[in-house]
Amino acid sequence: MELPFEVLVYLFKYLPKSDRKSASETCRSWYLAANAHCFLKNKVVVLYKSILNDEESSHLSIFENSTIVYTNYLFNEVEITNRLNGFWERTGENIRSLTFKNCDICEKVFAHILQKCTNLEALNIESCKELFMSGRLLEGKTDGLLVNNLENLKSLSLSGNQYLTDALFSRFVKAAPALEHLSLSGCSVQFHLGLVKKFYPSGTNIFENPSESVLTFYFVLQFIVANAHNIKSLQFSSTLIDGAALKSLSESNNLKLNTLDVHSCDQLTNIGILALTTHQIHLRELDIALCTRVTDQSLVHICDNLTNLENLNIQRCRAVTDLGISELHKLKKLKILNISQCELISKEGLEKGICSEENRTLEDLDLHSLNLDQTGVIMISEKLPNLRSLDLSYCFNAVTDASIQVVFKNQLFLHTLKISHCDKVSDAGLTGMGKLQAEGDDDAPIMSKYDEAHTHHKIHLGSRAEEEIVRDARRKQDVMRMCEKLTIDSYTGFSLARLKALKELDISSCNRITDVSLTYAFNFKELLNLNLSRCQQITHEGIGHLVRNCPSIEYFNLTDCYNLKDEAVKEIVSSLRRLQQLELRGCNQLTDKTLEAIRSHCEKLKFLDVQGCRYISPELACAIGCLPSLHTVLMSKPGPYITDGIKNRSPAPTFLPSLMRKLRLH
């Protein structure tokens, strides 16, 4: 008995994206349900490093002949020629979102595409410099049919195009009267008033005679002022926008921004931020990361005036101190906060700010590289019970076996946890094993005294490094012994395994982590992204337990895990059926058997990194690039190899033209 279509769609809404994709491969009715409109509108067809032509074997023909109508397309590093004109003619009217990144495309073909895509709502042309180089793109096209074709365009991104000028910009925006979102990130926008006087003398109508030489902020501002009632989102990241320019932008009549991104704008000063907070009080998202001139004064005004703010990014605003951070308690609607790499922030500022009282609104917190101690992490964990994402990477002194167990106790809704380079964390912390409990506190995390075990009344005659190696070995034995004796319900510590909703985990460079943790602390059915790079004590035994208990992994990073052998990779590729990206750089014990296992089992692998694997032959690495799903293979350059003390050079492999697009030599 088949379930009705509506029931299947309702059930699929409870599945994560990866599970829904796998379910769609079961049968035709499930395929149709998984591609219902409510799911399809967010799906994007991505063509990366593809060879596109007019033959039936072209990747585009698969979607063109599909019974499902796809509306969003992204072309990344693809050569788009007039051979594809038939595709645009047949499917153009169904496309709603179109993105070109680093694509090779000529002006005539691009104009043809826009004429056929009559219902575009989002157009992104990013880093396609050849398209803008001549300055003649869309010349004479914006007065005819093209205007009607882009009348529904709401989002336009021209980021990363160094040859963009006022004239080119004018042709795009003139054809898009309903524009709401505009991105000029990474463009060579000129802010100097001297250029304005040079190219636009007094009395000049700028819209009739836009400059074909430069892209000026003056011209962009005039467009924003003229369309202020529509504009909701602006992105000027990685430009030279300064305080005066942001002030003039913020004071535009009828402009009510919801989102502003000025990430990595070194010239931005407090003057612009103060004007922004005074006039754009409806802002919900503000990104001023890497704006080194932003100080506490700006943050105080942000917290006082932008009370509707939900997303704030002040990463590496190094002049911000506890004085500014302590004002964050005023932002009652804040859901996402990034204060990473702000070296002057301490526990005291956080205690007065986001931790002044229990905060159930904040969901995403990035504390990367802050100067905290473990009491700060414990405080954050207790005050922010609804966190979904937490980044504590490079918080060397803050993340310990004790503090991480408090996180495991309180943050049960976490789907992303990053503790990269926190090398004080060991198996005892991740598994929750130990024997030390605070008096009078039944809920305190229990920790082991393994550091003191076996060391009393003994004199170690080796070096300090050797002593640490011995201590690590004993620590591993102690925790393993406790894990074998106890079940998950019988110990009172708090294990990583409590985070049942975990989807992304980064414990790279936590070198005290061993197979014990992989065996007893990893059991995540929804885990998609796992980074174990430079966890150099793990072996194929722990990997075997891990991949059996975490079957949904798609992105797996094992860089510099030099104890891994071919057996570990065989376990990975045979158990992880959804694996798309595998990084094995620096795993120098791997041989050609690894590539043979990958070729036999990986049906969905897209990215493979085997750089520094000296026993893997370049010839076989090239051959594996022929896998249909694989678009990138990173490998070491073919060259001399030392065998039995003799330097040998294998003949260079024969490359096929199509294969060259997949391989990157380093």
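Residues numbered from 1 in each chain as written. Predicted model: local features only at pLDDT ≥ 70, side-chain atom pairs only at ≥ 80, totals over all residues. Heavy atoms only, no water.

Caption draft 1: Region of interest: the overall build of the chain. Helix and strand counts for the chain come out as 27 helices and 27 strands. When contacts within the chain are restricted to residue pairs at least 6 apart in sequence, long-range pairs at least 24 apart make up 78% of them. When the accessible surface of the chain is summed, it comes to about 30900 Å², and 49% of that surface belongs to carbon and sulfur atoms. (Helix = DSSP H or I, 4+ residues; strand = E, 2+ residues; numbered from the N terminus. Contact = heavy atoms within 4.5 Å. Areas by Shrake-Rupley, 256 points an atom, 1.4 Å probe, with all protein chains shown as cover.)

Caption draft 2: View of the packing of helix H12 (residues 217–226) against helix H13 (residues 243–250). Axis separation between H12 and H13 bottoms out at 10 Å; the angle between their running directions is 15°. Our classification of the angle between H12 and H13 gives roughly parallel. Relative to H13, H12 is oriented so that their crossing is right-handed. Every residue of H13 that contacts H12 at Phe217, Leu221 and Ile224 is listed here: Ala245, Ser248 and Leu249. Here the residues of the contact of H12 with H13 sort into five nonpolar, one polar and no charged. (Axes fitted to C-alpha atoms, helices over the stretch in contact; angles between N-to-C directions. Parallel < 35°, antiparallel > 145°, perpendicular 65-115°, else oblique. Left-handed = near helix turned anticlockwise from the far one by under 90°. Nonpolar A, V, L, I, M, F, W, Y, C, P; charged D, E, K, R; others polar.)

Caption draft 3: Examining the packing of aromatic side chains more closely. Tallying each qualifying case throughout the model produces 19 aromatic pairs. Where Phe63 meets Tyr70, the ring centres are 5.4 Å apart and the plane angle is 90°; that geometry is what we call edge-to-face. For Tyr70, a relative accessible area of 14% puts it in the buried group. With a centroid separation of 5.7 Å and 55° between ring planes, the pair formed by Phe75 and Trp88 is classed as tilted. One end of the pair, Phe75, is in strand S2 (residues 72–76); the other, Trp88, is in helix H6 (residues 85–91), with 13 residues separating them in the sequence. (Phe/Tyr/Trp six-rings, centres within 6.5 Å; stacked < 30°, edge-to-face > 60°. Buried < 20%, exposed > 50% of the residue type's maximum accessible area, 1.4 Å probe, protein only.)

Caption draft 4: The confidence of the model for the chain, seen in detail. Overall, the predicted model of the chain reaches an average pLDDT of 87, with 85% of residues at or above 70. Long-range and interchain partners of residues 434–457, a stretch whose pLDDT sits below 50, account for 48 contacts in this model, where long-range means more than four residues apart. (pLDDT = per-residue confidence, 0-100.)

Caption draft 5: Representation of a nonpolar patch on the surface in the model. There is a patch of nonpolar side chains on the surface, built from Leu3, Val7, Tyr10, Leu11 and Tyr14 and spanning about 520 Å² of accessible area. Tracing the backbone through its elements, the reader meets Tyr10 in helix H1 (residues 5–12). (Patch = residues over 30% accessible without salt bridge, like charges linked within 9 Å, V, L, I, M, F, W, Y side chains within 5 Å. Salt bridge = Lys/Arg side-chain N within 4 Å of Asp/Glu carboxyl O.)

Caption draft 6: A look at the packing of H13 against helix H14 (residues 270–279). Viewed as axis vectors pointing N to C, H13 and H14 meet at an angle of 15°, and their least axial separation amounts to 7 Å. The angle between H13 and H14 places the two elements in the roughly parallel class. Taken as a pair, H13 and H14 cross one another with a handedness that is left-handed. Two secondary-structure elements touch here, H13 through Gly243, Leu246, Lys247 and Ser250 and H14 through Ile271, Gly272, Ile273, Ala275, Leu276 and His279. Residue classes in the contact of H13 with H14 are distributed as five nonpolar, four polar and one charged.

Caption draft 7: The arrangement of the environment of Tyr163 in detail. Within the secondary structure layout, Tyr163 lies in the loop between strand S7 (155–157) and helix H10 (166–174). With 51 residues separating them in the primary sequence, Tyr163 and Val214 have C-alpha atoms 8.1 Å apart. Those residues in contact with Tyr163 that sit more than four places away from it in its chain are Lys129, Phe132, Met133 and Leu168.

Caption draft 8: The arrangement of the nonpolar core in detail. Of all hydrophobic cores here, the largest spans 178 residues; its most connected members are Phe75 and Phe556. Counting residues in hydrophobic clusters, the runner-up holds eight residues, among them Val9, Ala34, Ala36 and Phe39. (Core = buried A, V, L, I, M, F, W, Y, C linked by side-chain atoms within 4.5 Å.)

Caption draft 9: Local environment of the environment of Gln581. Secondary-structure assignment places Gln581 in strand S22 (residues 581–583). Placed 51 residues apart in sequence, Gln581 and Thr632 show a C-alpha to C-alpha distance of 9.6 Å. Non-local contacts of Gln581, meaning those with residues more than four positions away in its chain, are made with Glu554, Tyr555, Phe556, Leu605 and Phe607. A polar contact is formed between the side chain of Gln581 and the side chain of Glu583, at a distance of 2.7 Å. (Polar contact = N/O pair within 3.5 Å; in protein donor to acceptor, adjacent residues only side chain to side chain.)

Caption draft 10: H10, seen in detail. Across the nine residues that make up H10, a large majority, eight, are buried. Those residues of H10 lying buried are Asp166, Ala167, Leu168, Phe169, Ser170, Arg171, Phe172 and Val173.

Caption draft 11: The arrangement of the side chain of His631 in detail. Within the secondary structure layout, His631 lies in the loop between helix H26 (618–624) and strand S24 (632–635). Given the relative accessible area of 16%, His631 is considered buried. One polar contact links His631 to Thr632, side chain to side chain, over a distance of 2.8 Å.

Caption draft 12: How the structure looks around the state of the cysteines. What the rule picks out here adds up to zero disulfides. Summary of cysteine pairing: Cys265 is not part of a disulfide, and the nearest cysteine sulfur, belonging to Cys291, is at 5.2 Å. Judged by its relative accessible area of 0%, Cys265 is buried. (Disulfide = S-S within 2.5 Å.)

Caption draft 13: Region of the structure containing the environment of Asn230. Inspection of the secondary structure puts Asn230 in the loop between H12 and strand S11 (233–235). Residues Asn230 and Asn254 lie 24 residues apart in sequence; the distance between their C-alpha atoms is 9.1 Å. Every residue in contact with Asn230, bar those within four places of it in the chain, is listed here: Pro177, Ala178, Leu179 and Glu180. A distance of 3.2 Å separates the side chain of Asn230 from the backbone oxygen of Pro177, its partner in a polar contact.

Caption draft 14: Layout of unusual backbone geometry. Its identity as a non-glycine residue notwithstanding, Asn102 has a phi of 50°, on the positive side. The residue Asn102 is located in the loop between strand S4 (97–101) and strand S5 (104–105) in this model. You can call Asn102 partly exposed: its relative accessible area is 43%. With a phi angle near 60°, Gln341 is a residue other than glycine that sits in the positive phi range. By the secondary structure assignment, Gln341 is in the loop between strand S15 (336–338) and helix H17 (347–352).

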